[in-house]
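Summary of structural features
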Amino acid sequence: MVTLYIKELMNTERCMLIYNSSIAKKISKNFPCKGNLLEYGAGIGTLATLFQATKGLKPKCLEVDLNLKLVLVDRGFKCYDNIQQIDELFDGVYTSNVLEHIEDDVHTLQQIRSVMKAQSTLVVYVPAFQCLYSSWDSSVGHRRRYDKKELLLKLNSAGFEVIKIYYVDALGFFASFAARVFGYKKNHNLKDEKTVNYHVADKRILLLYDRLFYRISRLFDFIGFRYIFGKNILAVAKVKKGI
């Protein structure tokens, strides 16, 4: 039985094809064509599926939600329930829109590092700018948004050396700013609280953003705005030598 919040995630996946493909490409280019990869907090496997389809890489997944894990297994991915289950080391790990939900994110980063090979690569994708934190962030369970300096410090303290960091989705910055200024109203027509928490926006808004605004946003990122601001931050880091 597919739960309502999984249907919500699948709806978002179908609507955000261009956005998700773009993020998957930005992340996957940091990993070798052949390697043992882990997605930490894989959800329903949106990015993992794109990795497999576009680059021939089939990541292993970690997902604590048992319903989401069932989706991942049904999609053909090996999935761990928690980090303690893992008995192998990875050539690379990536995590997208996960750390902001975790209270002790530094401890989580240290746990991730413990299952990585020496000098292997970690890619982190998180929401940017705490000044943009809004009722929408609260509604979806975000504990924080990140500034570059904060993310650099946390990765460093967890045993990583950042080699690249930049913003993504310049126009998304203004969408987040609008949510901060005007507020965000939950859709209480949804049947349960967990579904409400996974609800990003109505289908028409998602499609408009994906097909039009994000295309324009990528152009702004390309011409240099990625070094100034964006809705998200993407960081690429290596496990420090000697750790």
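Above this text is the structure in question.
The structure reproduced in this document is the subject of the present report. (Residues numbered from 1 in each chain as written. Predicted model: local features only at pLDDT ≥ 70, side-chain atom pairs only at ≥ 80, totals over all residues. Heavy atoms only, no water.)

Description of the environment of Thr 95
Test applied: Working definition: helices are DSSP H or I runs of at least four residues, strands are E runs of at least two. Numbering for both runs from the N terminus. Relative accessibility decides the category of a residue: with a 1.4 Å probe and only protein chains considered, values under 20% of the type maximum give buried, values over 50% give exposed, and everything between is partly exposed. It only takes one pair of heavy atoms within 4.5 Å for two residues to be counted as in contact.
Of note, Thr 95 is situated in strand β4 (residues 90-96). Residue Thr 95 is classed as buried on the basis of its relative accessible area of 1%. Along the chain, Thr 95 and Val 124 lie 29 residues apart, while their C-alpha atoms are 5.2 Å from each other. Residues within four places of Thr 95 in sequence aside, it is in contact with Tyr 40, Val 123, Val 124 and Tyr 125.

Here's the deal with the pattern of salt bridges
The line we're drawing: A pair is scored as a salt bridge if a Lys or Arg side-chain nitrogen falls within 4 Å of a carboxyl oxygen belonging to Asp or Glu.
For the structure shown, the criterion picks out 11 salt bridges. We note a salt bridge from Lys 154 to Glu 150, for which the minimum N-O separation is 2.8 Å. Taken together, the positions of Lys 154 and Glu 150, both in helix α7 (residues 148-157) and four residues apart, correspond to about one turn of that helix. Where Asp 169 meets Lys 231, a salt bridge forms, and the shortest distance between an N and an O atom there is 3.8 Å. Taken together, the residues span a long stretch of sequence, with Asp 169 in the loop between β6 (160-168) and α8 (170-182) and Lys 231 in the loop between α10 (203-222) and β7 (232-239) at a distance of 62 residues. With relative accessibility at 0%, the residue Asp 169 sits in the buried group. For Lys 231, a relative accessible area of 18% gives the class buried.

Brief notes about the side chain of Ser 217
Within the element layout of this structure, Ser 217 appears in helix α10. What makes Ser 217 buried here is its relative accessible area of 0%. Beyond its immediate sequence surroundings of up to four residues, Ser 217 is in contact with Asp 169, Ala 170, Leu 171 and Gly 172.

Notes on the side chain of Thr 46
Definition in use: We define a polar contact as two N or O atoms separated by no more than 3.5 Å, with the added condition that, inside protein, one atom must be a possible hydrogen donor and the other a possible acceptor, whereas residues neighbouring each other in sequence contribute only through side-chain atom pairs.
Assignment of secondary structure puts Thr 46 in helix α3 (residues 46-55). For Thr 46, a relative accessible area of 17% corresponds to the buried category. Within polar-contact distance, the side chain of Thr 46 engages the side chain of Glu 13 at 2.6 Å. Non-local contacts of Thr 46, meaning those with residues more than four positions away in its chain, are made with Glu 13, Asn 20 and Arg 75.

Regarding the packing of aromatic side chains
The description of an aromatic ring pair uses the distance of the two centres, along with the angle that the planes make with each other. Using the following cut-off: Here a pair means two rings of Phe, Tyr or Trp (six-membered ring of Trp) with centres within 6.5 Å. Their orientation is stacked below 30 degrees between planes, edge-to-face above 60, and tilted elsewhere.
Applying the stated criterion across every chain yields a total of 11 aromatic pairs. For the ring pair Phe 173 and Phe 174, a centre distance of 5.4 Å and an interplane angle of 80° mean the geometry is edge-to-face. On the basis of relative accessible area, Phe 174 is assigned to the partly exposed category, the value being 45%. Between the aromatic rings of Phe 220 and Phe 225, the centroid separation amounts to 5.3 Å while the plane-to-plane angle is 75°, which identifies the pairing as edge-to-face. Overall, Phe 220 belongs to the partly exposed group, its relative accessible area being 31%.

A look at a positive patch on the surface
To be explicit about the condition: What makes a patch is a set of residues exposed beyond 30% relative accessible area and free of salt bridges, joined within 9 Å when like-charged and within 5 Å when nonpolar (Val, Leu, Ile, Met, Phe, Trp, Tyr). We get accessible surface area from the Shrake-Rupley algorithm with a probe of 1.4 Å; when it comes to residues, only the shown protein chains can shield them. His is not counted, nor are the chain ends, whereas Lys and Arg count as positive and Asp and Glu as negative. Taken as the charge centre is NZ of Lys, CZ of Arg, CG of Asp or CD of Glu, depending on the residue.
Residues Lys 25, Lys 29, Lys 164, Arg 215 and Arg 218 make up a contiguous surface patch of positive charge. Secondary-structure assignment places Lys 25 in helix α2 (residues 17-28).

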